[in-house]
Amino acid sequence: QTLTLLTTTNTVLQGDSLARCLVICFRLAFSKDSTVSTTAGATVRHLVSAIFDRTSAVTDPAPPLTKGGAADLPPMVADAYLLFQDLIQLVNADQPLWLQGIVEMTRTFGLELSESLLNNYSHVFYKYQPFRLLLKEKVCSLVIKLFSPNIKYRGGTGGPSGQQAAAFDKPYYHISLRLLRVVSVLVEKYYRLLVTECEIFLSLIVKFLDPDKPGWQRSLALELIHRMVVQPRLLTEFCRWYDCRTHATNIFQDMVNSLGAYVQNVFVTSQPAEPQPQHTASAGTPSLIAGLPVGPGISVQPGFYYRGVYKPLLVSWIGGTAKCTYLDMTDRQEPPPLQDGYGVSLAFSCLLDVIRSVSLIIDHNVPNNDRFPPVPETSEDDEVKIEAVRVQLLESSWCGLLSALALLLDASTEDSTAENILKSMQLFSSLAARLGLCKQRDSFITAVCKASLPPHYTLSVLKATPSTQLVSGASSQGANDSEGGTSWDGDYRHQVVAVGTPLPTASLPPSAQQGPVMLTAKNLQCMRAILSIAHCHGDLLGPAWHIVLTTLQHLVWILGLKPTAGQGGHLKVAKSSSETNAVITTAVMADLPVLATMLSNLFESSSNLSEDSLHHLVDALIVISGESLQLAYNNREPSLFAVAKLLETGDVNMGRIETVWVKITCHLLEACSHPHAKMREWGGEALCNLIQAALKYHHQPPLNTNPKMQTLLLGPLVELSAIPHPDVRGRQLECVMHILHSSAEVLTQGWPLVITVIGALRPQHSEALVRTAFQALQLVLTDFLPLTPHHSLPLAVDTAAKFGSQTQDLNISLTAVGLLWNLSDYFYQHQDQLKNAIIAEPKILPDLPGYKEMCVFDKLWMCLFSRLGDLCLDSRPATRKSAGQTLFSTIAAHGSLLQTQTWQAVLWQVLFPLLDKVSIESGLASTEKAGDNLLIHHSRNTEQKQWSETQVLTISGVARVFVTKRILLTALGDFHKAWRLLLEHIEKLSLSTTQEVSLAALRSFHEMVVSGEETGEADSSRWATAWKSWLSIGKRSTVLDIKLLQSSPAPAVPSQAFLTSLAHIFPLLFPHIKASFTNEDLDNLSTVVYALVNIPVLTDAELGYILSGQDDSLLPLHISCYKCINVLESHALSNNQHLLPGIFRLYERLSQFVHTWPEGANLCQVKGLYPAKFVLFGEKMLLSLGRLYEKTHNLEIVSKSSVLLDIVNTVRVPLKNKYSCAKQSSWRIAKEVLVSVIATSLGDCKPSDKACKTKEAGKLEDTEVWTVVSETLDSFLFSDSKPPQDRTAEQLCEDELIDCDIIEFLKDKVLSQPSLFPHEFLLSIMVILNKGSIHSASQSSFNSDLNQNLDLYMTIREDFARICFETLLQFSLLDDSEQVNGNLEYNGILRKDDFGKMILKGEDEKITNKLAVTSLLYRFKEVLKKYVEDEALHAPVPLPVHRVSEMSFVLKAIATLISSLKKSAGEVDRRTWVQLIDLYPDLVSATASTAPSVASSLKQALLQYGDLLQPPK
């Protein structure tokens, strides 16, 4: 205590005196008395400190740098210097230089004092050069010397039992402890002074960790290392001075590696603990397994278990603090017992602190000189830049850290431990990433990823990175070990929380991936760590995203998290076991939604990533998804993780979507075209959701002002159309509908794309798909058309037309045609805007060659027309019909909007091509009946019949266009050409075998002709063409092959309706052509009319048409033909008489139908038509013939041509046939006509005295006619045909009257003026009268059978006979006294009331008389002979009354005749007398008659003969 006071209260004690004091203390400290030694020890410690404290009072500046020792130092400092020097000497077992007299000194005590001084007075050492030299030369060499036993000693390997190691060689715990403390101080306080020495110290300490060192030694070294690694400044220095230098030892690297090696060594080489026998543990009670309590209700103790080795964790780690348990136990001579696991726990803390310190160095700039004062020897040039140091820190440490931490992570038994390890690994990977060390970053991330997957899970991505082999070797061994025991033996601490199937990968054959895999709680903890890394350090990951995302994908797959539709890519726990094979324990069921949310949050946070990182993320997802696509080709179920997350990433990055849009959508399109349905479904889902979201997002600048962006966003939707799968199309259309409902107003330039998508139809699309697409189109064309830009209108037309032509659903086709009509209305309503719009869509607007200057508005209409035209050629009749009606309605309604020139395009580009194509299609159509089960009307049951309807529609429509737009069209230069072409079409169609078509063609023709009447246009060539067409149709349609008609079962002939329509057109056409109508035209017309009437009616089908009139009416066809001739006749009479002979000829030809019917007509199968209607028509023609003659007989052209003869020839046949005529009215009409014609012609031949020559000429001229007339009359009056059985007496009576009429007519017109007629004619008349007067008599001789009818007939014909006879008689009685002289009228006839008194004059008289007398006498003779013969034969029965009265009449006539002849005897011909006398014998024989009336008449006759008994004078 005294010494203490002496040395501490003043500075008197210096130099040697001070040394003596210290020696005393030292000696006392080692006394035998424990009290003394303790007190002295304390005093020594105090004094040594006091001496050094005094140095701080010295204010002199430090001496210049010299090599000198204590001599150059101030006294106080010199004392301290000498003291420290001797301490070192003593520890080194050398003699002290200053403290002479110290006998003994323990190393421990010396080291303790040295440590205390070095620790507390570092400023002294830094200040004075000698001290520094002392440190360098003495202290360090001492330390190194003392270290050697520790290094050389091998704890586990002693020699033979008899041989003890040298005492000095054996490491002593207390010395090692103190020595390490000294080293600790040297390194911490004097590092800058002792850079090289520290290198040696640190290398030695690292060697302490060798596996063959004693446990206490390794623990001390670990504590010391821990103490150093918690100081970032120290680590910086180590790295700067060693690792960063090329020739230095990489101390920091060795340190970390040795820690790693230590950890591996603990687990790999230790003997496994013996597990407890298991049969003793019952299920409910806790048991011990490998020394670790497990069982119900026992929380897991922190520790590490690996390959059967269990080490508890004894140190709870608090970052930056180093608790040195063993280094602070300075009072022990022997090493204390080591706790099991203490070393591992320390190493664990060291590793974590290394990472912590490194992160501090990187995050904060550690000041260099906070503890080290500047050292003069080092120049700043040698300094290594802090950036290089930071990089080197990571490069040096990563390998050791990774191997150890991965192992510890695998071995950790409790969450918090694992959590700490994971956090450190996360931290390290982020640091490496920040400094751009990709290999290090990827390795740590890979390690965490491996830890999150089940053991021995094969994943090629995780093998790709270097250094992980350190780990993987270990884990797989662990797994193999477990196979030896029970299945849970090696893994008892890991709670299995999920069992699932592994996700197939391309690197393995399918067979290798069958077994289920198990996930433990720790796997999920690691998964959370991965998510955390990605979430917090996403910007730093770069290419490592691939590793992270691949791992997450596999984990998600094993856990059975699947994306669900409509959730925007969020993953959900699969609801049912059918959706997933994963078996999830309830413990983790609650965690799954949390994990799913973390996953989603991770991708949501991608909105904060830099653009570069975003690209990395997207690229990684695309690569992963690409692998899934590849796998799905083998028909394994694909993982949809990447696709779902691409969707999520896109959704949250809408603000800058254009940067990744192309990448994402291109990949999703690839997914959409994949053969695996699930893949397609999700590809489509993701793509469509993205497009919908992108269109809804409020972009800057706004989307509706950014057409480029619209095109970019809608592009992928359009691309989808190229994928043939119907499910993708369905999704695409859903998307379109969604866009239309939610984002229609932002689209501007996007509309054409939307319409393109809607119109992307394929034949394999189902009806439902087509219907959806069509609904979308309807929406666009009804609600959104005003929003669309004008240039999308042609596209809209085109698309609507596409729907018109699709074949899946007929109703849609028809509605689509309706849409086209709506479009035309839209064009009409917005014509002003459209006319000014510029539509630059050459692709869609039809290419119209030769119409370059057509305005856009007209092109739009042309587009509409040509599309409708195409639809008119659809394969389905309903569509064709609808399109045709719409086309023609549109042209009719809106055609006036077009420019005149555009009409040329309408005609030549739309209408005529349409006619051509319809004609071609119709020609190719099948005539087989449709095989559908639908009931179809027979008029439509074949394709051809259906096409017929289309032909009808088109020809009618085109003709109507010509009619309604006639004025417009005539303005076109090529109107005539068009007119001609249209007529050609009509001509062609009217010859169609289908009645419907041919009739329609004629209707069109009719319409065209009618329309021409309204205007007074004199366009001759146009009508000449029409006339030619009419003729052509008439001639070609009426060609008949009779043989074919007779032989074929169902011959094809034009229908009555057709023929009538054709005939009906001519009267309408004629006004246009009458000016140029020639005889040749007339001949052609006659041919056609005759041919028309010639066509037979072959089927009952036409009854409805024909029987519309009454029985006695003409057929409609006949009426029409009559009208044709009538029109012509009117024209001929008024304007062109040259046509008359032709008209007569036509009438005559048609009049023959009374008796002669065309060949075809007799094939007529409809009762009542043939021949009745033909006869009716013939009669009509006969009457017309007569009437026309009456009108024209005095025209020169008529009189010059042989009209009269022809007429007579015409009526001759029916008159001759008489009762055998088909109709009894025919011969009566013929008789009327004949009488009328003769009467008329006689009116022309009134002779006058001056006109003898003409008369002669006329007489000669007519010879042929009169011959025919006489023959005709003869054949008629004495017809061979019998009256039909059913004619009644009254009717026969009427017939006789007609005969009498003719005789009367002859009497009046002919016999009264015989000079007009040829002699032969008059003679033949006499013959007829003669025949008539004795007709009955001659009859009776052939018919001795007196039946009733014959009698009746004879009786009735009596009138006729009488009038004949009277006429004969009248013209034989000549009475001069009654002759009147003077000029009478031309007729020369004076009628008298009394019977038969007619006076003829001049020549006429003589001729007639002579003929009449001759004829009479001949007749008388005949009657007399007959009567006598018959009476004789009949006796005793009297003859019939009429015979008797006839006989009586003849006898009276003979008497009258004789008396007349006697009066004009001079003029009577001798032959007449001879004939008369010749009668006498017959008269005599008649006297035998018993009839009283005959007797009285005979008496008178015989009396007249009295004068003739002698020739008169």
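Here the residue index of a chain counts from 1 through its sequence in written order. Reporting of local features is limited, given that this is a predicted model, to residues whose pLDDT is at least 70; pairs of side-chain atoms are given and counted only at 80 or more, and all residues count toward the totals for whole chains, interfaces and linings. Only heavy atoms go into the side-chain values, all of them from the structure, while hydrogens and water stay out.

**Some details on the packing of aromatic side chains**
So, point 1. For Phe, Tyr and Trp, rings pair up if their centres lie within 6.5 Å, where Trp contributes its six-membered ring, and each pair is then called stacked (planes under 30 degrees apart), edge-to-face (over 60) or tilted (otherwise). For the structure on display, the rule yields 31 aromatic pairs.
So, point 2. Summarising the aromatic geometry, the rings of Phe1070 and Phe1077 are spaced 5.2 Å apart at their centres and angled 80° between planes, so their arrangement reads as edge-to-face.
So, point 3. Residue exposure (1.4 Å probe, protein chains only): buried if accessible area is under 20% of the type maximum, exposed if over 50%, otherwise partly exposed. Residue Phe1070 is classed as buried on the basis of its relative accessible area, which comes to 2%.
So, point 4. Taken together, a centroid distance of 5.0 Å and an interplanar angle of 85° make the contact between Trp1266 and Phe1317 edge-to-face. Within this pair, whereas Trp1266 is found in helix α53 (residues 1263-1277), its partner Phe1317 is found in the loop between α54 (1289-1311) and α55 (1319-1333), the two being separated by 51 residues in sequence.
So, point 5. Residue Trp1266 is classed as buried on the basis of its relative accessible area of 4%.
So, point 6. Overall, the relative accessible area of 2% leaves Phe1317 in the buried class.
So, point 7. What links up through ring pairs into an aromatic cluster is the set Phe52, Tyr81, Tyr121, Phe125, Tyr128 and Phe131.
So, point 8. Criterion for a charge above a ring: Lys NZ or Arg CZ within 6 Å of the ring centre, and within 35 degrees of the ring normal. The aromatic ring of Trp557 is capped on one face by Lys562, whose charged end is 5.4 Å from the ring centroid. What counts as a helix is a DSSP run of H or I of at least four residues, what counts as a strand is a run of E of at least two, and both are numbered from the N terminus.

**Details of the packing of α54 against α55**
So, point 1. Lines fitted to C-alpha atoms define the axes here, with helix axes fitted over just the stretch in contact, and angles between the N-to-C directions of these axes take values from 0 to 180 degrees. At a closest axis distance of 12 Å, the pairing of α54 and α55 adopts a crossing angle of 155°. The orientation of α54 relative to α55 falls into the category roughly antiparallel. In this structure, α54 meets α55 at a crossing whose hand is left-handed. Of the residues in α55, those touching α54 at Ile1303, Leu1306, Val1310 and Leu1311 are Phe1321, Leu1322, Ile1325, Met1326 and Leu1329.
So, point 2. Residue composition of the contact of α54 with α55, grouped by class: nine nonpolar, no polar and no charged. Between 65 and 115 degrees an angle is taken as roughly perpendicular, under 35 as roughly parallel, over 145 as roughly antiparallel, and anywhere else as oblique. Crossing handedness follows the turn of the near helix against the far one: under a right angle anticlockwise gives a left-handed crossing, and clockwise gives a right-handed one. Should any heavy atoms of two residues lie within 4.5 Å, those residues are counted as being in contact. We call Asp, Glu, Lys and Arg charged. Ala, Val, Leu, Ile, Met, Phe, Trp, Tyr, Cys and Pro are nonpolar, and the rest, Gly among them, are polar.

**So, the pattern of salt bridges**
So, point 1. Salt bridge, as used here: a side-chain nitrogen of Lys or Arg that lies within 4 Å of a carboxyl oxygen of Asp or Glu. Taken as a whole, this structure holds 27 salt bridges when the rule is applied.
So, point 2. Lys1307 serves as the salt-bridge partner of Glu1304, at 3.7 Å between the closest nitrogen and oxygen. Of the two residues, Glu1304 and Lys1307 are both situated in helix α54; the distance of three residues between them amounts to about one turn of the helix.
So, point 3. A relative accessible area of 13% means that Lys1307 is categorised as buried.
So, point 4. In the salt-bridge network here, residues are joined through shared partners; they are Glu685, Arg731 and Glu734.

**Quick look at the sheet that holds strand β9 (residues 583-584)**
So, point 1. Pairs of strands are assigned from DSSP output, requiring at least two bridges between the strands. Spatially, three strands are ordered β6-β5-β9 in an open sheet, and the strand pairing comes out antiparallel. With one partner strand each, in any of the chains shown, β6 (517-520) and β9 form the two edges of the open sheet.
So, point 2. Where strand β5 (residues 496-500) lies against β9, two bridges are found, and the strand directions are antiparallel. Counted as the bridge partner of Val499 is Val583 from β9.

**Examining a nonpolar patch on the surface**
So, point 1. Patch definition: residues above 30% relative accessible area lacking any salt bridge, with like charges linked at up to 9 Å and the nonpolar side chains Val, Leu, Ile, Met, Phe, Trp and Tyr linked at up to 5 Å. For the area figures, the Shrake-Rupley method with a 1.4 Å probe applies, and any residue is considered shielded solely by the protein chains shown. The grouping of Ile24, Leu28 and Val36 at the surface amounts to a nonpolar patch, some 220 Å² of accessible area in total.
So, point 2. Summarising the element assignment, Ile24 is placed in helix α2 (residues 15-29).
So, point 3. Relative accessible area serves as the criterion here: at 42%, Ile24 is assigned to the partly exposed category.

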